[in-house]
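Fold and contact review
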Amino acid sequence: MSAGKKPIAVVGSINIDLVANTEQIPVEGETVLGRGFHIHPGGKGANQAVAIARLGHPVRLIGRLGDDAFGTQLRRHLEHAGVDISGVATTPGSSGVAMITVADSGENCIVIIPGANAWLTPDDIEANIDIIRSSGIVLTQLEIPIETVEHLAKICAREAIPLILDPAPAKELPASVLKSVTWFTPNETEAAFFTGERNGTSELRDPSHTAKTLIGRGIPGIVLKLGSRGAFIASKDSLQERLSPFPVQAIDTTAAGDAFNGAFAVGLLLQKGPVASARFASAAAALSVTRAGAQPSMPTMAEVDRLLEAARAGDLESNNGVGERSR
Ligand code: RIB
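On to the overall build of the protein, then. Looking only at helices and strands, one finds eleven helices and 13 strands in the protein. In terms of overall dimensions, the protein is globule-like: its C-alpha atoms have a radius of gyration of 18 Å, near the 20 Å expected for 327 residues. Based on the C-alpha atoms only, the size of the protein along its principal axes is roughly 50 × 50 × 40 Å. Taken over 327 residues, the protein has a buried fraction of 54%. Sequence separation of at least 24 residues holds for 69% of the intrachain contacts in the protein that already meet a minimum separation of 6. Carbon and sulfur atoms make up 53% of the accessible area of the protein, which totals about 13200 Å². Distance from the positive charge centre (29 side chains) to the negative charge centre (35 side chains) of the protein: 5 Å.

Structural data, given as structure tokens:
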């Protein structure tokens with residue numbers, strides 16, 4: 001762990017991703033021929049932790065793995081990526097598994113079988129309370145039990161530790177959780193779930209209106225991840241800013257949202273401020289969609305800096321900018 005930097009804690013899921021590549025995502029009842037099959041380390045919690053480690057920031061993960069062969073493999077990957085896994089416990093049975101279909105467009109769909117992730121309880125948070133207390137920022141998502149997220153939110157509020165909640169996959173959350181998070185980072189589908197504004201497409205009509213609605217529900221800070229349309233950041237202190245996307249060729253959007261969240265936390269701890277941190281995070285997410293797989297796609301600090309510099313110099317070709325719509 002590098003000296004002088006306050007570590008980040010991630011509380012979340014660890015999955016093995018079983019990925020089928022197809023021309024198009026099949027519709028209900030359809031059988032399609034796949035082009036390839038890959039196994040990658042994944043899980044939103046683990047992905048965010050790896051994103052942070054790749055950017056050179058110390059990170060500790062609190063999670064659960066099964067005692068199966070996937071568990072052993074995933075543990076090894078995390079250690080190799082430089083994630084501190086002293087907070088990762090083992091549960092008898094299977095590790096979390098994600099069945100992912102990635103289409104040629106880069107878009108994906110995911111089915112998750114929680115396995116050991118379902119056994120991450122408030123007791124695990126208590127057992128690792130020192131990790132939480134010594135962190136500069138805590139990140140979590142919704143692939144673990146809601147009561148664990150609730151407990152974590154209570155502790156972060158009590159100890160005044162900023163909490164970034166990625167509400168993925170979207171599910172109802174108690175008002176107490178919404179009020180305790182510092183930054184709430186839905187993609188468009190998730191934002192529509194929390195505001196009830198479905199318009200038949202996955203695109204939000206008016207991100208500024210959506211952000212205002214979410215702030216009205218008591219959430220202090222919002223980052224809307226708008227995929228190929230960039231991002232929108234807003235806070236109760238009347239911050240409102242639209243961030244344009246980075247034009248990149250997307251081949252796999254899996255975990256782009258995780259790249260965004262990990263990088264956003266790193267940016268905030270580097271004192272970049274919320275808008276510059278969101279821009280930094282958009283660049284990390286854009287780079288991640290240019291590579292296959294969840295954790296293998298996470299960029300380094302040098303790569304993110306290069307993309308930001310190229311954008312500043314007006315040196316980017318505009319083709320199909322894709323950010324983090326799907327994960
Ligand atoms: O956000 C992408 C992740 O969602 C995948 O790695 C998969 O494991 C699911 O958790």
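Moving on, there is more to tell.
Around the ligand, the structure places 14 residues, and the nearest of them are Asp17, Gly43, Lys44, Glu143 and Asp258. One of the side-chain nitrogen or oxygen atoms of Lys44 is found 2.9 Å away from an oxygen atom of the ligand. With respect to the ligand, the side chain of Glu143 contributes an N or O atom lying 2.7 Å from an oxygen atom. Here the ligand loses 100% of its free accessible area of 280 Å² to cover by the protein chains. Among the elements of the structure, β2 (15-22), α1 (44-54) and β7 (108-113) are those that each provide at least two residues to the shell around the ligand. The residue inventory of the shell around the ligand, partitioned by class, reads five nonpolar, four polar and five charged.

It is worth spelling out the sheet that holds strand β3 (residues 34-42) at this point. One open sheet accounts for four strands, arranged β3-β2-β6-β7; its pairing is mixed. Looking at which strands have only one partner, the edges of the open sheet turn out to be β3 and β7. Neighbour-to-neighbour, the strand axes of the sheet open up by a mean angle of 15°, direction not taken into account. Note that strand β6 (residues 96-103) and β7 share six bridges and pair antiparallel. Along β7, the bridge assignment pairs Ile100 with Ile110. Packed on one face of the sheet, helix α2 (residues 69-81) meets β2, β3 and β6 and runs near 95° to β2.

With that settled, the discussion passes to the pairing of β6. A large share of β6 lies buried, amounting to seven of its eight residues. By the bridge criterion, eight bridges tie β2 to β6 in an arrangement that is parallel. Each bridged residue has a counterpart across the sheet, and for Asn15 the counterpart in β6 is Gly96. In this antiparallel pair of consecutive strands, β6 and β7, the connection spans four residues, and Gly106 shows a positive phi of 95°.

Below, the discussion takes up the pairing of strand β13 (residues 240-243). Each regular strand carries side chains that alternate between the two faces of the sheet. Pairing analysis gives four bridges linking strand β12 (residues 231-235) to β13, with the strands arranged antiparallel. If you follow Ile233 over to β13, its bridge partner there is Glu241. What sits between β12 and β13 in their antiparallel hairpin is a turn of four residues, with Ser238 showing a positive phi close to 60°.

The next thing to look at is α1. One turn of the α-helix equals 3.6 residues, which is why residues spaced by three or four share an orientation. Most of α1 is tucked away, with ten of its eleven residues classed as buried. Along α1, the residues that are buried comprise Lys44, Gly45, Ala46, Asn47, Gln48, Ala49, Val50, Ala51, Ile52 and Ala53. Just downstream of α1, Gly56 is the residue with a positive phi angle, here 85°.

With that out of the way, let us pick up the side chain of Ser235. Among the structural elements, Ser235 can be located in strand β12. Setting aside residues no more than four positions away along its own chain, Ser235 makes contact with Trp183, Ile215, Pro220 and Gly221.

What follows is about unusual backbone geometry. Cis peptide bonds are those with omega within 30 degrees of zero, and the linkage from Ala168 to Pro169 qualifies with -10°. Structurally, Pro169 can be placed in the loop between β9 (163-166) and α6 (175-180). The phi dihedral of Ser238 falls on the positive side, at around 60°, and the residue is not glycine. Structurally, the position occupied by Ser238 is in the loop between β12 and β13. Of note in the backbone geometry, Gln271 takes a positive phi value of approximately 65° without being a glycine. Tracing the backbone shows Gln271 in the loop between α9 (256-269) and α10 (274-288).

Rules used throughout
Residues numbered from 1 in each chain as written. Predicted model: local features only at pLDDT ≥ 70, side-chain atom pairs only at ≥ 80, totals over all residues. Heavy atoms only, no water. Helix = DSSP H or I, 4+ residues; strand = E, 2+ residues; numbered from the N terminus. Rg over C-alpha atoms; globule rule 2.2 N^0.38 Å. Buried < 20%, exposed > 50% of the residue type's maximum accessible area, 1.4 Å probe, protein only. Contact = heavy atoms within 4.5 Å. Areas by Shrake-Rupley, 256 points an atom, 1.4 Å probe, with all protein chains shown as cover. Lys, Arg positive; Asp, Glu negative; His and termini not counted. Charge placed at Lys NZ, Arg CZ, Asp CG, Glu CD. Near = heavy atom within 4 Å. Polar contact = N/O pair within 3.5 Å; in protein donor to acceptor, adjacent residues only side chain to side chain. Nonpolar A, V, L, I, M, F, W, Y, C, P; charged D, E, K, R; others polar. Pairing = 2+ DSSP bridges. Axes fitted to C-alpha atoms, helices over the stretch in contact; angles between N-to-C directions.

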